[in-house]
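Here is what each chain is made of, one letter per residue.
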Amino acid sequence: MQANMVTAINNALELGMRENEDVILLGEDIAKDGGVFRVTEGLLDKFGEERVIDTPLAESGIIGTSIGMAIAGLHPVPEIQFAGFMFLSFSQLVNHAARYRSRSRSNYPVPMVVRTPVSGGVKTLEHHSESPEVYYSHMGGLIVVEPSNPYDAKGLMLKALHMQDPVIFLEPTKLYRLTKLDIPEDSYEVPIGKANIIGTGDDLSVITYGTMVPIAKSVIEKRKLNADIIDLRTINPFDEEAILESARKTGRVVILHEASLTFGPGAEIAARIAEKAVFDLKAPIVRVASNSLPYPFPGYEKYHIPNELKLSQAIDRVLTA
Amino acid sequence: MGVFLLKQVFSDNVNYIQILDENGVIDESLRPKEIDDKELVEMYKKMFLARQYDAKQLSLQRQGRAVTYAPLIGEEATQIGSAMAMRPNDMFVPAFRQHGVYITRGMPLETLFIYWRGYEEGDAVPKDVRGYSNIVPVSTQMPHAVGIAYAQKYKKNDVAVISYIGDGGTSEGDFYEALNFAGVFKVPLVSIIENNQWAISVPREKQSAAPTLAQKAIAAGIRGVQVDGNDVLAVYEATREAIENAKNGPTVIECITYRLSIHTTADDPTKYRTDSEVEAWKQRDPLLRVKKYLMAKQLWGEDLEQKAASENAKLLDEAVEKAEQFKPDPKTMFTNVYSYMPRVLQDELDAAEDNNYWQGE
Ligand SMILES: Cc1ncc(C[n+]2csc(CCOP(=O)(O)OP(=O)(O)O)c2C)c(N)n1
Ligand SMILES: [Mg+2]
């Protein structure tokens, strides 16, 4: 079937709901309206009001209720309308979703997939462009995934629905309708915790994910470089093996993400490489990321998020060092 | 099972106020005495300007000259009625749809246009407007309003704080927490609930099982009242009275109004509501009833309306022109993060400038 990321996730949710009647969707405007990005469109008609729920406007309520459903045997898929509003449910995620399994010594796992649109580049109002992956990766207990294409989106969603863990499923709005791919009609899984090696080459490694994947591909292609492009797909727990293998091979590493530089995911990745493969490096690691400041209003966003020029200059630095 | 001794420990009720009805008839016994016919013409003109501003923003958005916009059409009486009841020193705390409040309180129109072009400079509300910035995360402004009101009380300022929230917003925890604090601290807060019946696609009855939103005040031990939010006189009077009473504590005013248009320019209401519902509310248009009254008294007519429209158009065009001359300086992203410039942030700024990152695509 031909699918963009919106229809791929929609299809994964439909298959997941057919497979398992404990899968329940809930969130603001997800039922009758089909979600503000139309990701849940048509599912109310297919599965009814008991399984596709328009909730009152309250994020902590949505996540807390989902946790309750999960520890009582259901497999909820809450949607938070934009990642910027997920902070209203931060307590439930950090204090309970991340810890219920651990505090109950696995008697009460929290099988749940929290879907939310992330990142910018589409000129939206304040709080609609956040890249919050590190917040959810830091405390342990939450799996954080972010697909960059329709194939991965469907496979990661089905995998998440087959696990007994809370999965934070980040959907880059910029990529929702960017490309259409031919993807399998049936259910399939993309492994969680495994990176996708997109291109391979010996010149350098570009480690990235989400909205920055198309930018990495474009720059590498335009400059006709032979590079490993590593799409992490899972941000926590990430694929350290793939990262180290590539870093050892090329000795030159650029880490690229839309989240801010300071204490961003690149800091953790660079630290792992420094700890475990520093003697294989031929150049200092370079990170390319957004500025270390609150995501600006839409008029300024082109000055905030990494562009091709910034990545290209970073590549020059690791190649010439 | 024992025998229960039943004793009622609590009861209360919520009153509803309407002064100017849909046919343009004023209940003179309830009419606020400051609002003579001349003043009512002023109110009408303000509502008319707000509506025209709204149409302008929409058309700019459709032409790609503004970002996603949240229209106010249908909610003018709630916004202008409450804003006109504020005394010069009172302060307001909006959500993100209260353009009519900003306009009434003297916000430069060009600043509003700059906001909706997508720049922080448009959210830098001048101090003399005595209002705060647009707040997008629903309901999160409510605890701020309590804190702002506490500060007034602490400093012994005779200032009331008027906050705004939608019907959907009253479902958030922050709303309940704010009312509870306001009740305990007895702060001079007037919490306007702009109940336009919809929170994007979710109708009022799916938001809460409570028959009124005003009654949420009662649980917090504070006063709650419901008014016809399309009746500018009722909104004015309820707000005026609540401000007068603010030194004794907070009031919640639920204004029953209607979102006549889209939620925002990114929304398609045909997916979730019927045209007939919208048509029914158009009969209760907040401008129409004032116009009916004023026309019957020969204080308004199509000639005056034409004149007002062309005056407004001139004001709006000039403001848009100024707003479109505004040139963003990316440095301001860095210089407004902290009270001082940390070395590590300065390094990022220098790198951006030295390497021309901002010229890249
Ligand atoms: C905390 C939070 N959750 C979700 C949203 C997305 N959103 C923006 S407006 C809105 C509906 C708000 O409804 P209401 O409070 O009735 O105000 P109205 O839009 O009708 O003025 C939603 C869900 C948001 N801005 N903030
Ligand atoms: Mg509403």
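Residues numbered from 1 in each chain as written. Chains lettered and ligands numbered in written order. Predicted model: local features only at pLDDT ≥ 70, side-chain atom pairs only at ≥ 80, totals over all residues. Heavy atoms only, no water.

This paragraph deals with helix α11 (residues 308-320) of chain A. Residue and element names in this part refer to chain A. Relative to the 18 Å expected for 13 residues at 1.5 Å per residue, α11 spans 18 Å between its end C-alpha atoms, a close match to the ideal helical length. For α11, every residue scored as buried is listed here: Lys310, Leu311, Ser312, Ala314, Ile315 and Val318. Elements in contact with the buried residues of α11: β10 (204-208), α8 (213-222), β13 (253-260) and β14 (286-290). (Helix = DSSP H or I, 4+ residues; strand = E, 2+ residues; numbered from the N terminus. Expected span 1.5 Å × (residues − 1). Buried < 20%, exposed > 50% of the residue type's maximum accessible area, 1.4 Å probe, protein only. Contact = heavy atoms within 4.5 Å.)

Another point: the domain arrangement of chain B. It is common to give the size of an interface as the accessible area lost on bringing the parts into contact. In terms of domains, chain B is made up of domain 1 (15-26 + 35-265 + 274-328) and domain 2 (329-361). The gap between the C-alpha centroids of domain 1 of chain B and domain 2 of chain B is 37 Å. (Domains from an automatic or database assignment.)

Next up on the list: unusual backbone geometry. All names here are of chain A. That bond from asparagine 236 to proline 237 is cis: its omega, -10°, falls within 30 degrees of zero. Located in the positive-phi region is histidine 127, a residue other than glycine, with phi close to 75°. Note that histidine 127 resides in the loop between β5 (112-118) and α6 (133-138). When its relative accessible area of 24% is taken as the criterion, histidine 127 is described as partly exposed. Positioned with a positive phi, lysine 224 is a non-glycine residue whose angle comes to about 50°. Within the secondary structure, lysine 224 is located in the loop between α8 and β11 (227-231). Take lysine 224: its relative accessible area is 71%, and that puts it in the exposed class.

Before going further, it helps to spend a moment on the interface of chain B and chain A. Contacts between the two partners involve 42 residues from chain B, matched on the other side by 40 residues from chain A. Of all residues in chain B, Lys271(B), Met333(B) and Tyr357(B) give up the largest surface area on contact with chain A, accounting jointly for 18% of the area buried on that side. Viewed at the interface, chain A and chain B are joined by one salt bridge. Glu41(A) is the partner of Lys271(B) in a salt bridge, and the nearest nitrogen-oxygen pair spans 2.2 Å. Here chain B and chain A share 12 residue pairs in polar contact (both at pLDDT 80 or more) between them. (Buried area = accessible area lost by both parts, 1.4 Å probe. Salt bridge = Lys/Arg side-chain N within 4 Å of Asp/Glu carboxyl O. Polar contact = N/O pair within 3.5 Å; in protein donor to acceptor, adjacent residues only side chain to side chain.)

A few words on the coordination of the magnesium ion (ligand 2). Residues and elements named next belong to chain B. Within the protein, the atoms that donate to the magnesium ion (ligand 2) are Asp167 (OD), Asn196 (OD1) and Trp198 (O), at distances of 2.0 to 2.1 Å. Here the donor residues of the magnesium ion (ligand 2) share one chain and are spaced in sequence as D-x28-N-x1-W. Taken together, the residues span a long stretch of sequence, with aspartate 167 in the loop between β3 (161-166) and α6 (173-185) and tryptophan 198 in strand β5 (residues 198-199) at a distance of 31 residues. Using a relative accessible area of 1% as the deciding quantity, one classes aspartate 167 as buried. (Donors = N, O, S within 2.8 Å, 3.2 Å for Na, K, Ca; no water.)

Now for the sheet that holds β13(A). Residues and elements named next belong to chain A. Read across the sheet, five strands follow the order β9-β11-β10-β13-β14 without closing on themselves; strand pairing throughout is mixed. The sheet terminates laterally at β9 (196-197) and β14, the two strands that pair on one side only. Set on the sheet, α11 makes contact with β10, β13 and β14; between it and β14 the angle comes to about 170°. (Pairing = 2+ DSSP bridges. Axes fitted to C-alpha atoms, helices over the stretch in contact; angles between N-to-C directions.)

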